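Here's the letter readout for the chains.
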Amino acid sequence: MNALSLFLALAFPAAASGPIDVEMARLAAQGFRPSGGATARTRKGEVWAAMLRREDGTQRLYLYIHDSRKVKTLHMELGGSQKLELDSIHDGGDLPDLEGDGGRIVALRTIMPGLDQETLVVLRVINGGVEKLGRVSGGRFKDIDGDGRLEIVGRERPLGALFSMSCRSFHTMAQAAWRTTVHILERGKLVKASERFTPFYDKRIAAERRELSGIDARATDDYGGFLGLTLSLYFDYEQSGRSRQGWGEFRRLFPVKDSDPAPVKRCMQQMEGVIKDKLDIPADW
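Values in this document were obtained by computation on a predicted structure and should not be read as measured data.

A. Inspection of the pattern of salt bridges at higher detail. Applying the stated criterion across every chain, the model contains 19 salt bridges. Of the charged contacts, one joins R54 and D56 as a salt bridge, the two residues approaching to 3.9 Å between their closest N and O atoms. With a relative accessible area of 27%, R54 lands in the partly exposed category. Given a relative accessible area of 56%, D56 falls into the exposed group. The salt bridge partner of R179 is E156, with a shortest N-O separation of 2.9 Å. Of this pair, R179 sits in strand 13 (residues 179-186) while E156 sits in strand 10 (residues 151-156); the two residues are 23 residues apart in sequence, bridging distant segments of the chain. Relative accessible area serves as the criterion here: at 18%, R179 is assigned to the buried category.

Right under this line is the structure:
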């Protein structure tokens, strides 16, 4: 069944001609209408991922497997305070077999409005059942090394959205301190594999260096943005297995001059201590 057929079946369920039609009619009676979906035909039956929505904004995702005799609900996700959407790998209406082993991937994004926070939930349907592979903050499927296989690039704030630092006469936020991660599907598992993608991180590091080269740390009106960018630079080094090199580069971006007043020197030392503690940086680095 293609995406259009699934949409029509959900929107206009037939008169109880089979178990799946009965299920669709039940949901329609509750006011749910289709807003997206994807399918795959497997040896155990046809798999449906159906995104449904009511006029009041209520959302649900149902994951079914069915044949002509029975329908089984494999998974259900409730919207509630979070928004639900299927990942772009399902834009063609398919549940892809990304590993070539017969397992079908269902990728669902949960979004918290107003918090700039989203999570990719990755499920795998195989042998008639469902496996919950994991969750990736800010996850997006991308082919980052051009080999034709999709990776998942994640984005998270390890220090939190409200991380800030203060000295006696200085205060700054660092909302832009993002850590980028890389995950892969491997042998039916979701595996964090950032250290295998050094060229990907090298490109990010080069772009961040170019951006930082145009900023005067002592004159910028957006010190929090500067701090966030330098921390993101450190995280790219850290994820690619070069934490110590990244910390050295971070420190070089905050030089203390002999001509600096004593309060400025104390503030810089205090800020460095706070960050080292937050990032678990060894004392001798």
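B. Layout of the packing of aromatic side chains. If you walk through the whole model with that rule in mind, you get 9 aromatic pairs. Here F200 and Y201 contribute two aromatic rings whose centre-to-centre distance is 5.1 Å and whose plane-to-plane angle is 75°, an arrangement assigned as edge-to-face. One exposure class covers both F200 and Y201, and it is buried. Ring geometry for F250 and F254: centres 5.0 Å apart, planes at 45°, overall tilted. For F254, a relative accessible area of 13% corresponds to the buried category. Taken together, the aromatic side chains of Y223, F226, Y234, F235, W247, F250 and F254 make up a single cluster linked through ring pairs. A cation over an aromatic ring shows up here: R155 above the ring of W178, its NZ or CZ 3.6 Å from the ring centre. Over the face of the ring belonging to F235 we find R179, whose NZ or CZ atom lies 5.6 Å from the ring centre.

C. Region of interest: the side chain of E208. Relative to the assigned elements, E208 resides in helix 3 (residues 198-213). The exposure class assigned to E208 is buried, which follows from its relative accessible area of 7%. Setting aside its immediate chain neighbours within four residues, E208 contacts L229, S232, L233 and D236.

D. Just the sheet that holds strand 9 (residues 140-142), in detail. Taken together, the 4 strands give an open sheet; going across it, the order is 9-10-13-14, and neighbouring strands pair in antiparallel fashion. Among the strands making up the open sheet, the edge pair consists of strand 9 and strand 14 (189-192). Going from strand to strand, the sheet's axes swing by 35° on average, the running direction of each strand aside. Bridge analysis of strand 13 against strand 14 gives 4 bridges, and the strand direction is antiparallel. Note on strand 14: the bridge partner recorded for H183 is K192. Running over the sheet, helix 3 touches strand 10 and strand 13 and is turned about 160° from strand 13. Contacts between helix 4 (residues 223-239) and the sheet are confined to strand 13 and strand 14, with strand 13 contributing the most and set at about 30° to the helix.

E. The packing of helix 3 against helix 4, seen in detail. The geometry of helix 3 relative to helix 4 is characterised by a closest axis approach of 10 Å and an angle of 160° between their N-to-C directions. Accordingly, the angle class assigned to the pair helix 3 and helix 4 is roughly antiparallel. The handedness of the crossing between helix 3 and helix 4 is left-handed. Between helix 3 and helix 4, the residues in contact are Y201, R204, I205, E208, R209, E211 and L212 and F226, L229, T230, S232, L233, D236, Y237 and Q239, respectively. Looking at the contact of helix 3 with helix 4 residue by residue, the class counts come to 7 nonpolar, 3 polar and 5 charged.

F. The arrangement of helix 2 (residues 19-29) in detail. Turning to helix 2, its buried residues are I20, D21, E23, M24, L27 and A28. In an axial view of helix 2, the angular spread of the buried residues amounts to 160°, which keeps them on one side of the axis. Once helix 2 ends, the next one or two residues include G31, with phi positive near 95°.

Scoring rules and cut-offs
Residues numbered from 1 in each chain as written. Predicted model: local features only at pLDDT ≥ 70, side-chain atom pairs only at ≥ 80, totals over all residues. Heavy atoms only, no water. Salt bridge = Lys/Arg side-chain N within 4 Å of Asp/Glu carboxyl O. Buried < 20%, exposed > 50% of the residue type's maximum accessible area, 1.4 Å probe, protein only. Helix = DSSP H or I, 4+ residues; strand = E, 2+ residues; numbered from the N terminus. Phe/Tyr/Trp six-rings, centres within 6.5 Å; stacked < 30°, edge-to-face > 60°. Lys NZ or Arg CZ within 6 Å of the ring centre and 35° of its normal. Contact = heavy atoms within 4.5 Å. Pairing = 2+ DSSP bridges. Axes fitted to C-alpha atoms, helices over the stretch in contact; angles between N-to-C directions. Parallel < 35°, antiparallel > 145°, perpendicular 65-115°, else oblique. Left-handed = near helix turned anticlockwise from the far one by under 90°. Nonpolar A, V, L, I, M, F, W, Y, C, P; charged D, E, K, R; others polar. Arc of directions from axis to C-beta.

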